[in-house]
Every structure is written in C-alpha cells, then in structure tokens.
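Spelled out from the first residue to the last, the chains are:
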Amino acid sequence: MPENIKERIEQLRHEINRHNENYYQLDEPSISDLEFDTLLKELQDLEAQYPEYQDDNSPTHRVGGGITKNFPTVQHQFRMYSLDNSYDFDDLADWEKRIIKTIDEPVEFVAELKFDGASISILYENGTLVQAVTRGDGFQGDEITSNVRTISDIPLRLKGDYPERFFMRGEIYLTRKNFDKINKQREEEGLDPFMNPRNTASGTLKMQDSREVRKRRLSSVLYQFVAEEAPADTHWELLHKARDWGFTISEQIKLCKNLDEIKDFINFWDEERHQLPFEIDGIVLKVNSLKQQKQLGYTAKSPRWAMAYKFKAEKAETELQSVSYQVGRTGAITPVANLKPVLLAGTIVKRASLHNEDIIKKLDLHEHDFVYVEKGGEIIPKIVGVNIEKRSPESKKIEYIKNCPECGTALIKLEDQAIHFCPNDLHCPPQVVGRMIHYVSRKALNIENLGSETIEQLYQAKLIENPADFYTLTKAQLLPLERMAEKSAQNIIDGIEKSKEIPFEKVLFGIGIKHVGETVAKKLVKNFSSIDELKNATVEELCQVEDIGSKIAESIVEFFKNPENILMLERLKSYGVQLEKRQTTSEILSNTLEGKTFLFTGKLSLFTRESAEEMVEKHGGKNISAVSKNLNYLIVGEKAGSKLKKAQELGTVQILDEQEFLDLFS
Ligand code: AMP
Ligand code: ZN
C-alpha cells in the first residue's frame, strides 16, 4: 500500500509542477483553478497523512500557503556589501586606474545590468534550497524562505555538478507587465495602485501569506556565487555554471577587456533599457578574475573589485498649465499636473502625478510655474522641482480644492493619511461606478462579460446605480448600448443570473463594506452565517472575531446603519443572491456535532487544522474563531497559548486534546 501512496505522491508532484510551469512561463493555465486546487489538496492531505514522504521541495511549498507572522532575523555568513556608485565616465576611469595600479597583469571585467528590485541571498545545501534571506543591513536580514520558494524561476533543487554548500545572491523583481497586471486588478477591486515595481517587489517578499506572494509572479535573476571555495577561477565561469545548475542568469552580460568596451556597453543600455521588460537603474561592473578580486579586497562598505554605474534619471523642464483633481473609485483624490507636452525618455509627457496636498506644498507650486519632470521607476513621471527664476511675480500659489470635483461634497482628510477623500460614497459618480465594478469583479460576484466600460455606460444611461440594479436589467435595455451585440447582451444576462450561485462570503466581499476585504469576509462568514446575523452584531461582538479590530467593526456597523444599504440588501435577497451560508447537504456525513461550536489552537499533529475544521462541518458542528461563552470545545495542540488561558479562565469551555476530539466521533 505505501508503495502506491508514494507513487501517487510523486505523480501529483510531477503534474502540479507541470501546471505551475504553464501558468507562469506560458501565462496560460492548462487547467482551471478549481482542478488545480483539487490536485493540490490531495497532495497536501497525503503529505500530512504520510509525513515520511515529506519533501521541502514538493510543489505544496512552491504554491505557498504558509503564513509567517514575524520573519526571523538571520546573520549573513558572508556580509552583503553594497556597491560603490559612479555617475560618469570620469569616475569609472579613476576606478579602472586604481585597479590597474594594484594588479600588474591584464584585467577583464564583467558588465551586467543593475536590476532594480530587492536583493536576496539563498543558501543551497546538497543541491537543495534551504534558506533565503533579505539583504537587511548587510550583516543580517529577514528569513523569507517560504515566500522565496513560491517564485517560479528559483530552483528548489539543482541539476548537474553543483558544490555541496554555497550561497547564490541575486535580485527579485517584477516585470513591467506583471506590475501593470497587479495594478489593473487592484483598480478593479477598488484598491489604490502601487507606485513602482521595485517597492512592490520588496513589499511582496515581506507578505505574511506566501500564497499571495505566489500570485504576484515575481521573477529572479542571480548574479553572484558566494562560498568558502569556488569551483572556477572567474566570475564569468561561475555565472555560466550557475546557469547550468538551474539558476536564471541575466542574458545581458558581457566580458569587457577595457574601458572603451565598458563604455559601449553602458551607452547601449542607457538607450535600450526602456525596451527591456523590467526596470534597471544602472550597470554593474565586476573584475572577472577571483584571484584579482581577492587581491583588491573590500573597503568598509563595498568591494573594490566592483562598481555600479547609475543612469541619470531623465529630466525635462516644462510649463505647468493647470492642476486637475481625479476622484478614484474609493473616493481618494489625486491631484494631477497638466503640462505643456515635452519629450522625456522617448515618450511625450503631458501629465504628472502630484500625489497629495503635502507634495504640492513642499514644491511650493504656483500657477504656470516651470517645473522639472523626471521619469524614475514610476510609470507616471513626477515633478521633482520648480525653476523659480522663471516664475512671474504675479503668479498665485496652487490652492488645494476643498470640495469634490465630481459631486461637490466637502472633502475630508483622515488623521494619519496624506490623501483627501470624498466621503459621499453612495452618490459620488466615480465611487458609485467603482462600487459596481468591484461587485462584478472576479473575486466577488465574478460576472464575466460585464466590463467597466459597460457599467459606465449603463450608469450614464441611468439604468443602474447600485449592485441590486444588475438583477433587473433586460436584454432590451442592453442592446442600444454602443458596441453591444445580441450575443454579448445575452452573455451579460446569463452571467448576472449565474452570480446568484456565488457563495455568501464572496457576496459579502462584493457589496463593498469599507475595510472588508476578501480575507475579512471569509472570517466574518465563519462566525456569522447570514447577512441578518451580521447586521445585528455589535462592535464588541465583531471584535471577538480573529483579526477583526475596531476599525473594521465600526465600519461594518456603520454600513448597516444606512437605510440605502439595507434596501439594497433586501433587494439582493429578493432576487435570490446568496446572503447566507449554504450547507450543501451532500457533504453532511452525520449530525453528531450538531449545535456544538469548535475552535482549534496550537500546533496540531494528528491532522491539519483545515481537515479538522472540515470534519466539524461535515458532522454538523460549527467552527468559530474566538474564545467566548459561545464556544463549546477548544481543541489544543502543542504550545497552545492565550486562547487556552482564556478558555480556562472562562470555565465554560470543554478543553480537549486531539485524541479526545477524535473520540467524539466514535
Ligand atoms: P545600491 O543599492 O545602490 O548600493 O546598489 C547595490 C545593490 O544593487 C545590490 O545590493 C544589489 O541588490 C543590486 N544589484 C542589482 N543588479 C546587480 C548586479 N548585476 N550585481 C550586483 N548587484 C546588483
Ligand atoms: Zn464626490
């Protein structure tokens, strides 16, 4: 029997790896998410049941799932130095001269791109990835192994003839394409877009949920082998060996014999970098021979054998024509500078983001100022300064608006935020449209074929004003819209009809209660099985739920105070949208646990928390996520903490160990 199990485990791993590859590299999933999750679940269950077949490189780790609350600090065995910077060819020539003076034999250089991401050090032992650590302060960093495992082009197991133990260093980054994709999706979900790929990449590495990390589709490039001993004499050879072991090594590296060849490389990429699918901020030059590297050594901060050449951020001067204000789908106001068109980094720039009032104040921006615009990592250029000499004495300061440009409501500014908001969320046009776009989005009601443009048109035509209106739409109303064919109209109607099957937790996310994201919605549904139960909950009761603080709780209570929201919910209910948790009867195996509530805490060893919770539900019980007098059973594993203490204090909760829990079924 175990032989069969082992075979099945290997087969599943193989298949999941293959699908993963299609998903990332070809960008087209070969099976549905559901099918994928089913395979994965089977593998996870088998691995939990047969720990002897555990393998750190199983795709169950690749796909994430682990939650890290605090990343442990790890000392770097070899310090991660920074690089010395040079900004022009004179600096470079000085550096080369110093090197030639120290080394009296020919010196070769490897020229590489300077990737703009987050640096990482990954430890491999016996061909297996064992640990990944951020750069931190160079002496110690954060251990983020489980997140790094989810990055698809980082090998978990090496091929060929690799050394027994070594570190590979490199950069984790986001391609422009994936960065845009993330922002597009955030926009659909009513979230503010991220500023630039670099910060998004480093922020992603520190996310607690590795499943979310996987979805961001980070990329890697490795550029440095580090160990007590190297299996080659030059950096160039090491890079090529590393490529054979399975690492992604940059395609754009060049061996240069002298300064002229280095300059050619720099000039070429200064032009061409805008065509790369990712962002770079310069070029890195490294002495090729490891023996020479050793001879040159390190300064207090950086290796003498390496140098970064930073590209100048491209800058242009132009006239500010006006400042306009955009209202986002969440009501956030973004000031935008309208500029006299100017050529910058190969594109014509007409607008620049001003971000918020503080930035306008800091620039001391006046009407018709001449401003410097720069294109850094951000997609939208920004204003970095004002040419005061060209300012006319009569010109007036830019005054920030007090009222919403879309609906006239007085703007508010939250204590801890730099951004202004329009609080009229139910009637401010972009917010109304934003709410409906959020409602149909993939993670909410997933109404396919109903895009933001169509919603905009329907709103303009006064056919819809809130999510409940979708359910009264008719084909006859859709057909007159621009570019609306018979077939697409039918698809929309069908999609809306199908959304009535979407489970409560997604509907709860979809109706757009402020601060209620996907995860919070799930947690709420675990504790409140219908919209009416939730409506009647007090702030205190809501705060009992795991991860729900007073900010979220108050926002929920506030939402239900508004009669317009209540009316919308009543209408949704009457159209048959799921506003309570549905128990599929086929899943119920018995009613042994009926009416009883359960909570698991500590490290479980006989089963996983998910499978235990599933078992509770299949036998008629209910899982809740906080210790209160509503709790009947607390099942404690190893190292149970505050929950156990609280249950003991309460005295009304039955405390069981894992075996005692299983005994409930016999
Ligand atoms: P800086 O942060 O300006 O001191 O530059 C040093 C950083 O450049 C390193 O910590 C790396 O993260 C990054 N870097 C990007 N590409 C390379 C490369 N090809 N070789 C070495 N470092 C690189
Ligand atoms: Zn408004």
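Anyway, here's the lowdown on the structure attached to this text. (Residues numbered from 1 in each chain as written. Chains lettered and ligands numbered in written order. Predicted model: local features only at pLDDT ≥ 70, side-chain atom pairs only at ≥ 80, totals over all residues. Heavy atoms only, no water.)

Comments concerning the site of ligand 1
Among the 13 residues in the neighbourhood of ligand 1, the closest are listed as Glu112, Ser119, Glu171, Tyr223 and Lys286. Within the side chain of Lys114, an N or O atom sits 3.1 Å from an oxygen atom of ligand 1. Between Lys286 and ligand 1, the recorded distance is 2.9 Å, taken from a side-chain N or O atom to a nitrogen atom. Contact with the protein chains hides 83% of the accessible area of ligand 1, taken as 490 Å² for the molecule alone. Breaking the shell around ligand 1 down by element, the ones donating at least two residues are β3 (109–115) and β10 (280–287). Per element, the largest residue contribution to the shell around ligand 1 is four residues, and it comes from β3. (Near = heavy atom within 4 Å. Polar contact = N/O pair within 3.5 Å; in protein donor to acceptor, adjacent residues only side chain to side chain. Areas by Shrake-Rupley, 256 points an atom, 1.4 Å probe, with all protein chains shown as cover. Helix = DSSP H or I, 4+ residues; strand = E, 2+ residues; numbered from the N terminus.)

Observations concerning the coordination of the zinc ion (ligand 2)
Within the protein, the zinc ion (ligand 2) binds to Cys404 (SG), Cys407 (SG), Cys422 (SG) and Cys428 (SG); these donor distances fall in the range 2.2 to 2.3 Å. Around the zinc ion (ligand 2) sit four donor atoms, and with donor-metal-donor angles ranging over 101 to 113° the site reads as tetrahedral. Spacing between the donor residues of the zinc ion (ligand 2) along the chain follows C-x2-C-x14-C-x5-C. For the residue pair Cys422 and Cys428, the accessibility class agrees, reading buried in each case. (Donors = N, O, S within 2.8 Å, 3.2 Å for Na, K, Ca; no water. Tetrahedral: all angles 85-135°; square planar, octahedral: opposite > 155°, others 65-115°. Buried < 20%, exposed > 50% of the residue type's maximum accessible area, 1.4 Å probe, protein only.)

Points about the pairing of strand β12 (residues 314–327)
Bridging between β12 and strand β15 (residues 370–375) involves six bridges; their strand directions are antiparallel. Within the sheet, the bridge partner assigned to Thr318 lies in β15 and is Val371. Bridge analysis of β12 against strand β13 (residues 333–344) gives seven bridges, and the strand direction is antiparallel. From the neighbouring strand, Tyr325 faces β13, where its bridge partner is Pro335. A loop of five residues connects β12 with β13, the two strands running antiparallel in sequence, and Gly331 in this loop sits at a positive phi of about 90°. (Pairing = 2+ DSSP bridges.)

A few points about the nonpolar core
Counting 53 residues, the largest nonpolar core has Tyr439, Phe470, Leu508, Ile511, Leu524 and Leu572 as its most contacted members. Looking at this core, the element that brings in the most residues is helix α13 (residues 429–440), giving six residues. Domain assignment of the residues forming this core places at least three in each of domain 4 (429–501) and domain 5 (504–574). Excluding residues that lie within four positions of it along the chain, Phe470 makes contacts with Met436, Tyr439, Val440, Leu450, Ile455, Ile464 and Ile496. Among the nonpolar cores identified, the runner-up in size contains 34 residues, and Ile122, Ile154, Phe166 and Ala201 belong to it. (Core = buried A, V, L, I, M, F, W, Y, C linked by side-chain atoms within 4.5 Å. Domains from an automatic or database assignment. Contact = heavy atoms within 4.5 Å.)

Geometry only, nothing functional implied.
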